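Residue-level listing of the chains:
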Amino acid sequence: MPFVGRERELRHLADALARPPIVVLIEGEAGVGKTRLLHELAGQPLLVGGCHPMRFPYGPLVEALRQSHPPARLNPVTGALRPLLPEFAHRLPPAPPALGNAQVERHRLFRAVLSLLDALSPVTLVVEDVHWIDQETRELLAFLVRCLPGTVNLVLTYRAEDLRHPASELLAHLPPHIGHTELTLSPLDAEATALLAKHLLPGSADLWPLTGGVPLAVEELARMLADGREPSTPPALRDAVRVKLDALRPTARRIVQAAAMLEEPAPTLTLAAAAGLPPEQGERGLAEAVRRGLLREWTPGAYGLRQPLTRQAVRESITPNLRRRISRRIEAPAEPQGALSPREKQVIGLAADGMTNKAIAESLFLSPRTVEVHVANGLRKLGLTSRRQLSSRNT
Ligand SMILES: Nc1ncnc2c1ncn2[C@@H]1O[C@H](COP(=O)(O)OP(=O)(O)O)[C@@H](O)[C@H]1O
Ligand SMILES: [Mg+2]
């Protein structure tokens, strides 16, 4: 599959790795292309180990080191790695004698890793999906970053919304000679998405509105369309969304479910009302849902699911009973929330005539963002949740 977009990010990463020793943090949501970006680093000596939801102690390290080809005559301390890497033992010196003290042995193991990396250098150790890191590897990394050898780099990838400890804590104690940089991967823009879609599908389907430019979603959706299936929620995305929903506290989950049932991004009070929560609880739930990456602020004060496909996945996960309850709350006439300002009246009037935000923005010489805010506020004040409801009113 061709690689699209990301020229800037790839250059940034390659430039950083050319200045060892450096610690690079790569952040981005699931399927956005963190692993792929690393694959595109042609010719770089990488040792890659992934963290796993099971959080196996030293799991990523074992995975990374056992692919390596160390030179002969390693420092005897590296023999301490033998019990962890039996399949690799023939490449290591004899195991040093037991020390009878777990802490002392741990220090020796950490030194063994450091020494092996040094012997393998120049090399970049990549630990992927650090949101699933185990405690042991976490402590090992904290040790490594303080004494990275001269031509060894460390790259960590992660999803911010699933992280328990901020990855930046690793950067807090870096000695001055060790560099660091952070890279955030956002979804592809409409143009790069179209390019990817063109490679995946005959014709020119616009997959951006449904996928929000997340390459994994683009691929899955393209596969469905290519097979002649109706575009629906790809199974991998559906499962990922359910796992995330289950991990939320009940109030946050209710806010996400309410957001999925509303037609458009909505302000906190509308979400709380649709979720059947008092405003304060609604606010707390909303904050958690945003922190965990399920909702985002689309326009100032208006929140909705991050992607249409995610919204669909949440909707599909709601039981019919709950769906009815939320719909009833959405349709119930809202308390009057205040009068429309003259500008809101003007914008709402045009929206009721069926004009798009873009057309309204052009005709009133406003920015599309401002129009969006006026529409959202106007709808809220009218107790409506969708602009479609406007046309059936006699405004
Ligand atoms: N820039 C890109 N161009 C083309 N395909 C991409 C791009 N980024 C990611 N992909 C594809 O999308 C899928 C998900 O990417 P991946 O790197 O596994 O995501 P992540 O590691 O962030 O979860 C993979 O099949 C990958 O090849
Ligand atoms: Mg990955």
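That block above? That's the structure.
Residues numbered from 1 in each chain as written. Chains lettered and ligands numbered in written order. Predicted model: local features only at pLDDT ≥ 70, side-chain atom pairs only at ≥ 80, totals over all residues. Heavy atoms only, no water.

Caption draft 1: Here's a closer look at the overall build of the protein. Looking only at helices and strands, one finds 18 helices and seven strands in the protein. By its C-alpha atoms, the protein is 85 × 45 × 45 Å across when sized along the principal axes. For the protein, with 395 residues in total, the buried portion stands at 45%. If you take every contact in the protein between residues at least 6 apart in sequence, the share linking residues at least 24 apart comes to 68%. Within the structure as shown, the protein displays about 19,800 Å² of accessible surface, and the carbon and sulfur contribution to it stands at 54%. Averaging the positions of the 48 positive and the 41 negative side-chain charges in the protein gives two centres separated by 3 Å. (Helix = DSSP H or I, 4+ residues; strand = E, 2+ residues; numbered from the N terminus. Buried < 20%, exposed > 50% of the residue type's maximum accessible area, 1.4 Å probe, protein only. Contact = heavy atoms within 4.5 Å. Areas by Shrake-Rupley, 256 points an atom, 1.4 Å probe, with all protein chains shown as cover. Lys, Arg positive; Asp, Glu negative; His and termini not counted. Charge placed at Lys NZ, Arg CZ, Asp CG, Glu CD.)

Caption draft 2: Quick peek at the packing of aromatic side chains. Tallied over the entire structure, the rule returns one aromatic pair. Pairing F110 with F143 gives two aromatic rings, centres 5.4 Å apart and planes at 50°, and the pair type is tilted. In this pair, F110 is assigned in helix α4 (residues 102-120) and F143 in helix α5 (residues 135-146), connecting sequence segments 33 residues apart. Note on F110: relative accessible area 6%, which makes it buried. Over the aromatic face of W298 sits the side chain of R296, whose NZ or CZ is 3.9 Å from the ring centroid. (Phe/Tyr/Trp six-rings, centres within 6.5 Å; stacked < 30°, edge-to-face > 60°. Lys NZ or Arg CZ within 6 Å of the ring centre and 35° of its normal.)

Caption draft 3: Spotlight on the environment of E191. Note that E191 resides in helix α6 (residues 190-200). Residues E191 and G5, 186 residues apart in the sequence, show an inter-C-alpha distance of 8.7 Å.

Caption draft 4: Region of interest: the site of ligand 1. Taken together, 16 residues sit near ligand 1, with V4, G31, K34, R36 and E219 positioned nearest. In the environment of ligand 1, an oxygen atom lies 2.9 Å from a nitrogen or oxygen atom belonging to the backbone of G33. Measuring from an oxygen atom of ligand 1, one finds a side-chain N or O atom of T35 at 2.8 Å. Contact with the protein chains hides 84% of the accessible area of ligand 1, taken as 560 Å² for the molecule alone. Elements with a minimum of two residues in the shell around ligand 1: α2 (34-39) and α8 (215-226). Grouping the amino acids of the shell around ligand 1 by side-chain chemistry returns eight nonpolar, three polar and five charged. (Near = heavy atom within 4 Å. Polar contact = N/O pair within 3.5 Å; in protein donor to acceptor, adjacent residues only side chain to side chain. Nonpolar A, V, L, I, M, F, W, Y, C, P; charged D, E, K, R; others polar.)

Caption draft 5: Quick look at the side chain of N153. Counting through the fold element by element, N153 comes out in strand β4 (residues 152-158). Polar side-chain contacts of N153 include one of 3.0 Å to the backbone oxygen of L17.

Caption draft 6: Main features of a positive patch on the surface. A surface patch of positive charge is lined by R254, R324, R325 and R328. Per-element tally for the positive patch: the top contributor is helix α14 (residues 320-331), with three residues. With respect to the helices, strands and loops of the structure, R325 is situated in helix α14. (Patch = residues over 30% accessible without salt bridge, like charges linked within 9 Å, V, L, I, M, F, W, Y side chains within 5 Å. Salt bridge = Lys/Arg side-chain N within 4 Å of Asp/Glu carboxyl O.)

Caption draft 7: Representation of the sheet that holds strand β5 (residues 179-184) in the model. With parallel pairing, five strands are arranged side by side in an open sheet as β2-β3-β4-β1-β5. With partners counted over all chains shown, the strands left at the sheet margins are β2 (46-50) and β5, one partner each. Each strand axis lies, on average, 15° off the axis of its neighbour in the sheet, ignoring direction. Pairing analysis gives six bridges linking strand β1 (residues 22-27) to β5, with the strands arranged parallel. Note on β5: the bridge partner recorded for V23 is H180. (Pairing = 2+ DSSP bridges. Axes fitted to C-alpha atoms, helices over the stretch in contact; angles between N-to-C directions.)

Caption draft 8: Structural detail: α8. For α8, spanning twelve residues, the distance from its first C-alpha to its last is 16 Å, which sits close to the expected 16 Å at 1.5 Å a residue. Turning to α8, its buried residues number three or more, namely P215, A217, V218, E220, L221, A222 and M224. On the buried face of α8, the contacting elements are α6, α7 (208-211), α9 (235-247) and α13 (308-317). Looking one or two residues past α8, G228 carries a phi angle of roughly 80°, positive in sign. (Expected span 1.5 Å × (residues − 1).)

Caption draft 9: Representation of the layout of surface pockets within the structure. By volume, the largest pocket is sized at about 860 Å³. Lining the largest pocket are 37 residues, with A30, R159, D162, A240 and K244 sitting closest to its centre. If you tally residues by element for the lining of the largest pocket, the top one is α9, at eight residues. Its residues assigned to classes, the lining of the largest pocket comprises 15 nonpolar, seven polar and 15 charged. Composition of the lining of the largest pocket by domain shows at least three residues from each of domain 1 (7-184) and domain 2 (232-331). Volume-wise, the second largest pocket comes out at about 650 Å³. Lining the second largest pocket are 29 residues, with R296, W298, L305, R306 and Q307 positioned closest to its centre. Among the elements of the structure, α7, β6 (295-299), β7 (302-305) and α13 are those that each provide at least two residues to the lining of the second largest pocket. A class-by-class count of the residues in the lining of the second largest pocket yields twelve nonpolar, seven polar and ten charged. A domain split of the lining of the second largest pocket shows at least three residues from each of domain 1 (7-184) and domain 2 (232-331). (1 Å grid on protein atoms, 1.4 Å probe; cavity = no way out; pocket = protein on both sides within 12 Å on 5 of 7 lines; lining within 4 Å. Points joined across faces, edges and corners; volume = space filled by probe spheres on them. Domains from an automatic or database assignment.)

Caption draft 10: Main features of the state of the cysteines. Within this structure, the stated rule accounts for zero disulfides. Cysteine C51 shares no disulfide, and the gap to the nearest cysteine sulfur, in C147, comes to 19 Å. For C51, a relative accessible area of 7% translates into the label buried. The class of C147 is partly exposed, set by a relative accessible area of 28%. (Disulfide = S-S within 2.5 Å.)

Worth remembering: the numbers are spatial, not functional.
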